[in-house]
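Analysis of the macromolecular model
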Amino acid sequence: MCGIVGYLGTRNAVDVIMSGLHRLEYRGYDSAGIAVVANGDGQPNRLDWVKSLGKLAELDRKLDGANLAGALGIGHTRWATHGTPSEANSHPHFDTSGRIAVVHNGIIENFQELREMLETQGFLFRSQTDTETLAHLIRMYYDGEAAGDLAEAVRGALRLVQGAYAIGVVCADHPDLLIAARQGSPLVVGIGEDETFIASDVPALLRFTRDVVYLENGQICCISRDGRTFETLDGQTAEPAVRHIDWDDAAAEKEGFPHFMLKEIHQQPDVLRNVLQGRLAPDTGDVVLADLALAPDQLKACQNIVIVACGTAWHAGLVGKYLLERFAKIPVEVEVSSEYRYREPLARPNTLVIAVSQSGETADTLEAIRIAKQQGAQVMGVVNVVGSSIDRESDGVLYTHAGPEIGVASTKAYTSQLAAFALFTIYLARLRNVLSADEGREMVAHLRMLPDKIQQCLDQAGIIEQCSRNFKYIVAHSALYLGRTFNYPSALEGALKLKEISYIHAEGYAAGEMKHGPIALVTDMVPAICIAVKGDVYEKMISNIQEIRARQGVVLAIATEGDIKVAQYSDHVIYVPECFEPFSPIVVAIPIQLFAYYIATNRGCDVDQPRNLAKSVTVE
Ligand code: F6R
């Protein structure tokens, strides 16, 4: 949801900012812009800027020959919230004099009334954005109460603002000062030698530094040539912890793959190894969650679990429910965070709320855990990004160790979340004495086999690509994804993957629901992708497949290796290795992701940056 980069140091800020923005393009890509404080050569310094509509490549083109240079600057890649994507609405936004520039990620909720107040005072607006309000407010304070003190002017402006923001501010009068502030939307400060960076997310900084400070809500950071000061908006000094990031720079590159999405799909065997590493005790059938920071007694005392998440992470939560209820024998509800936060839920002190989030910044999920905490619930995060808001605001966190996920469609984060739920299920079940050591050993053994099974699925990428070509013409309008029990969420996830990257309408259903309405959709132009792996509900799925075929439906089955029966009833079959059914969603995820990927690329879609989407949904 918009990417921000800022720089003060010894290099040309334009190079640093553009490099960082390219790493953040997954956060938004409808327009972009950059501003630097340029040396006035005897005249007062000025702000030079370039903006463009469209992706960053467009801004690159415009910058060619624009001669922008300076050691201080800010840049932005946008996902529109207020005002259509256009050059005028793209950031940075300026005050009327053009000497103060602001980049912003978030939403200023009271911008309309602030704008009216500013317009009556004669401030001229050039865009429809909420952000421009900030630039004028800062100017109002700068010329007034703050008397030329930029940091004080920013503080004054932010005191009037309601909503969420991460901002970077520069002013032509202060060539050695970069101001950053945060409330709600993420912002990291990167620390280098004689240089400082700000960015919405760590990948933007990895090329330059791996030492970062995560700005807290309500904090402002003033960056000068002498260093950095961190304060709260009301002037209290803050002592932030500097964290060292262990992802390397290659993690933010495609490394030979045509898309981040394909790279991330292929990383999944290693990701699974990372999630499981050091957490399995095969001899005792236990799971060791040393970093969880929730006392075993507290967990034991929990009487119910509520899982909150959005999108793909919500699908992971649904699988989590099936696992936890079956093996840990504890009641579980799963809720879309945006519903949970507004429906006055009843969390109790003995409720464990699990927030699942790759980015750890999803606004609705963050708010859901705040509500749960107010009601006295314990909160556990299942989070990929260490240091993110959900990480910091949870009582305990199970990290998914998937590394940076840059493709907008979630792939490796999903399977790592599923593995995290498998781990937590065994852990809790053993803690509650409802899973014997033998059963634990068996489940641990099944978990250990998963990375190799995923690899076997990846080895069939060529077959899946071939299959997607067969389907290309048929799936052009609509598709159904069907599954039962553990693979009902797989059906939802399959449909989401297909629709978000190929723009083909797709619905995921619990296969048993077919006869209650959706079967009316079946024609030979609406293929059904049926997840029919061996397990308790296998025969039921075979019956559903036959019902579809009886109505001239086209069936692509995802089935267990060696299953000849399913092939008799299906038009195409993609095989996956035999697998313990409760963990099969982890294996089934691979053909589902690859199938969607190949269909989308065959249709010429930009799978890493699908239309209208952005990764890390930091606005509600
Ligand atoms: C879909 C996808 C989204 C995210 C959702 C939650 O492929 O990526 O549905 O899963 O926006 O994001 P996080 O996990 O960052 O909270």
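Residues numbered from 1 in each chain as written. Predicted model: local features only at pLDDT ≥ 70, side-chain atom pairs only at ≥ 80, totals over all residues. Heavy atoms only, no water.

Quick notes on the overall build of the protein chain
What counts is decided by this rule: Runs of E in the DSSP output that reach at least two residues are strands. Runs of H or I that reach at least four are helices, and both are numbered from the N terminus. Each radius of gyration reported is based on C-alpha atoms, and the globular scaling rule is 2.2 Å times the count of residues to the power 0.38. Partly exposed residues are those whose accessible area sits between 20% and 50% of the maximum for their type, while under 20% is buried and over 50% is exposed, using a 1.4 Å probe and protein chains only. In this description, accessible areas are obtained by the Shrake-Rupley approach with a 1.4 Å probe, and a residue is regarded as covered only by the protein chains that are shown. Under the convention used here, Asp and Glu are negative, Lys and Arg are positive, and both His and the chain ends fall outside the count. The location of each charge is read from NZ of Lys, CZ of Arg, CG of Asp or CD of Glu.
Regarding its fold elements, the protein chain presents 19 helices and 26 strands. For 620 residues, the compact-globule formula gives about 25 Å, and the C-alpha radius of gyration of the protein chain, at 26 Å, lands near that figure. Along the longest, intermediate and shortest principal axes, the C-alpha atoms of the protein chain span 80 × 55 × 40 Å. Here the protein chain, with 620 residues, has 62% of them falling under the buried criterion. On the protein chain, roughly 22,400 Å² of surface is accessible, and the fraction owed to carbon and sulfur atoms is 48%. Counting 55 positive and 77 negative side-chain charges, the protein chain places the averaged centre of each group 5 Å from the other.

Section: unusual backbone geometry
The omega angle of the peptide bond from His91 to Pro92 is 0°, so this bond is cis rather than trans. Relative to the elements of secondary structure, Pro92 occurs in the loop between strand S4 (72-78) and strand S5 (93-94). Although it is not a glycine, Ala147 sits at a positive phi angle of roughly 45°. Along the chain, the position of Ala147 falls in the loop between helix H4 (131-143) and helix H5 (150-160). Under the relative-accessibility criterion, Ala147 is labelled exposed at 66%. The phi torsion at Lys329 lies on the positive side, around 55°, for a residue other than glycine. Topologically, Lys329 is positioned in the loop between helix H9 (311-328) and strand S18 (332-336).

Observations concerning the sheet that holds strand S19 (residues 351-357)
Condition: When DSSP finds two or more bridges between a pair of strands, those strands are recorded as paired. Note on geometry: axes are C-alpha line fits, over the in-contact stretch for helices, and angles between N-to-C directions span 0 to 180 degrees.
If you walk across this open sheet you meet the 5 strands as S18-S17-S19-S20-S21, and the pairing is parallel. The open sheet has two free edges, formed respectively by S18 and strand S21 (396-399), since each of these has just one partner strand. Going from strand to strand, the sheet's axes swing by 20° on average, the running direction of each strand aside.

Points about the side chain of Ser90
You can see Ser90 is positioned in the loop between S4 and S5. With relative accessibility at 0%, the residue Ser90 sits in the buried group.

A short note on the site of the ligand
Condition: Here a residue is near a molecule or strand as soon as one of its heavy atoms is found within 4 Å of it. Any pair of nitrogen or oxygen atoms within 3.5 Å is treated as a polar contact; in protein, a donor-acceptor pairing is required on top of that, and neighbouring residues in sequence qualify only through side-chain atoms on both sides.
Surrounding the ligand, one finds 15 residues, the nearest of these being Ser357, Gln358, Ser359, Thr362 and Glu500. Between the ligand and Gln358 there is a distance of 2.6 Å, counted from an oxygen atom to a backbone nitrogen or oxygen. In isolation the ligand offers 410 Å² of accessible surface; the protein chains occlude 88% of this area. Mapped by element, the contributors of at least two residues to the shell around the ligand are H9 and helix H16 (488-502).

With respect to the packing of helix H14 (residues 437-458) against helix H19 (residues 584-602)
Helix-helix packing is characterised by the crossing angle of the two axes and by the distance between the axes. Here is the rule: Small angles under 35 degrees read as roughly parallel and large ones over 145 as roughly antiparallel, with 65 to 115 read as roughly perpendicular and the rest as oblique. Each helix crossing is assigned a hand: it is left-handed if the near helix lies turned anticlockwise from the far helix by less than a right angle, otherwise right-handed if that turn is clockwise. Residues are treated as being in contact if the distance between any of their heavy atoms lies within 4.5 Å. Under the grouping applied here, Gly and all other residues not named as nonpolar or charged are polar, the nonpolar ones being Ala, Val, Leu, Ile, Met, Phe, Trp, Tyr, Cys and Pro and the charged ones Asp, Glu, Lys and Arg.
Contact pair H14 / H19: the axes reach a minimum separation of 9 Å and the direction vectors enclose 25°. The angle between H14 and H19 places the two elements in the roughly parallel class. Read as a crossing pair, H14 and H19 show a hand that is right-handed. Residues Leu450, Lys453, Ile454, Cys457 and Leu458 of H14 form the contact with H19, whose own contacting residues are Ile586, Val587, Ile590, Pro591 and Leu594. Residues that form the contact of H14 with H19 fall into these classes: 9 nonpolar, no polar and 1 charged.

Section: the sheet that holds strand S13 (residues 227-232)
In space, the 6 strands of this open sheet follow the order S5-S6-S7-S8-S12-S13, with antiparallel pairing throughout. Edge positions in the sheet fall to S5 and S13, since each of these pairs with one other strand and no more. Across 2 bridges, the pairing between S5 and strand S6 (residues 100-108) is antiparallel. Directly across from His93, in S6, lies its bridge partner Val102. Its contacts with the sheet put H5 on strand S7 (163-171), strand S8 (177-183), strand S12 (219-224) and S13, and the angle it makes with S7 is roughly 160°.

Things to note about the environment of Val37
Among the secondary structure elements, Val37 is positioned in strand S2 (residues 31-38). Residue Val37 is classed as buried on the basis of its relative accessible area of 6%. In this structure, the C-alpha to C-alpha distance between Val37 and Leu47, residues 10 residues apart in sequence, is 4.7 Å. If near-sequence neighbours (up to four positions away) are discounted, Val37 is found in contact with Asn45, Arg46, Leu47, Ala69, Gly70, Leu72, Val170, Cys171, Ala172 and Pro175.

Thoughts on the packing of aromatic side chains
For clarity, the cut-off: For Phe, Tyr and Trp, rings pair up if their centres lie within 6.5 Å, where Trp contributes its six-membered ring, and each pair is then called stacked (planes under 30 degrees apart), edge-to-face (over 60) or tilted (otherwise). Counting as a charge over the ring demands two things of the Lys NZ or Arg CZ atom: a distance within 6 Å of the ring centre and an angle within 35 degrees of the ring normal.
Evaluation of the coordinates by the stated rule reveals 8 aromatic pairs. Measuring from ring centre to ring centre gives 5.2 Å for Tyr7 and Phe197, while their planes differ by 50°; the resulting arrangement is tilted. Taken together, the residues span a long stretch of sequence, with Tyr7 in strand S1 (residues 3-8) and Phe197 in strand S10 (residues 195-199) at a distance of 190 residues. Measuring from ring centre to ring centre gives 5.5 Å for Trp49 and Phe94, while their planes differ by 40°; the resulting arrangement is tilted. Highlighted residues: Trp49 in strand S3 (residues 46-53) and Phe94 in strand S5, separated in sequence by 45 residues. A relative accessible area of 8% means that Phe94 is categorised as buried. An aromatic cluster is present here, built from Tyr7, Phe197 and Phe208 joined pairwise through their rings. Between the NZ or CZ atom of Lys51 and the centre of the ring of Trp49, over which it lies, the distance is 5.7 Å.

Section: the pattern of salt bridges
Here is the rule we go by: A side-chain nitrogen of Lys or Arg and a carboxyl oxygen of Asp or Glu constitute a salt bridge if their distance falls within 4 Å.
By the definition in use, this model includes 33 salt bridges. One salt bridge connects Arg225 with Asp176, and the closest N-O pair in it is separated by 3.0 Å. Pair noted here: Arg225 is in the loop between S12 and S13 and Asp176 is in the loop between S7 and S8, with a separation of 49 residues, a long-range link. Sharing partners across several salt bridges, the network here consists of Glu152, Arg155, Arg159 and Glu231.

What about helix H13 (residues 412-431)?
Our working rule: In this scheme, a helix's expected span is set at 1.5 Å multiplied by one less than its residue total.
The first and last C-alpha atoms of H13 sit 28 Å apart over 20 residues, in line with the 28 Å expected at 1.5 Å per residue. Among the 20 residues that make up H13, 19 are buried, leaving the element largely enclosed by the rest of the structure.

Describing the domain arrangement of the protein chain
Operational definition: Start and end points for every domain follow an automatic or database-based domain assignment. In short, buried area is how much 1.4 Å probe accessible area vanishes from two parts on joining, totalled over both.
Segmenting the protein chain into domains produces domain 1 (3-252), domain 2 (263-456) and domain 3 (460-602). A straight line from the C-alpha centre of domain 2 to that of domain 3 covers 26 Å. On the domain 3 side, the residues contacting the 28 residues of domain 2 number 28 residues. Carbon and sulfur atoms make up 74% of the surface buried where domain 2 meets domain 3, a total of about 2,500 Å² over both sides. Counting the contacts that link domain 2 with domain 3 gives 1 salt bridge. Across the pair Asp536 and Arg326 runs a salt bridge, and its minimum N-O distance is 3.6 Å. Put simply, the parts of the chain that give the side of domain 2 that touches domain 3 at least two residues each are helix H7 (268-276), H9, H13 and H14. Sort the elements by how many residues they give to the side of domain 2 that touches domain 3 and H9 lands first, with 10 residues. Counted by class, the side of domain 2 that touches domain 3 contains 17 nonpolar, 9 polar and 2 charged residues.

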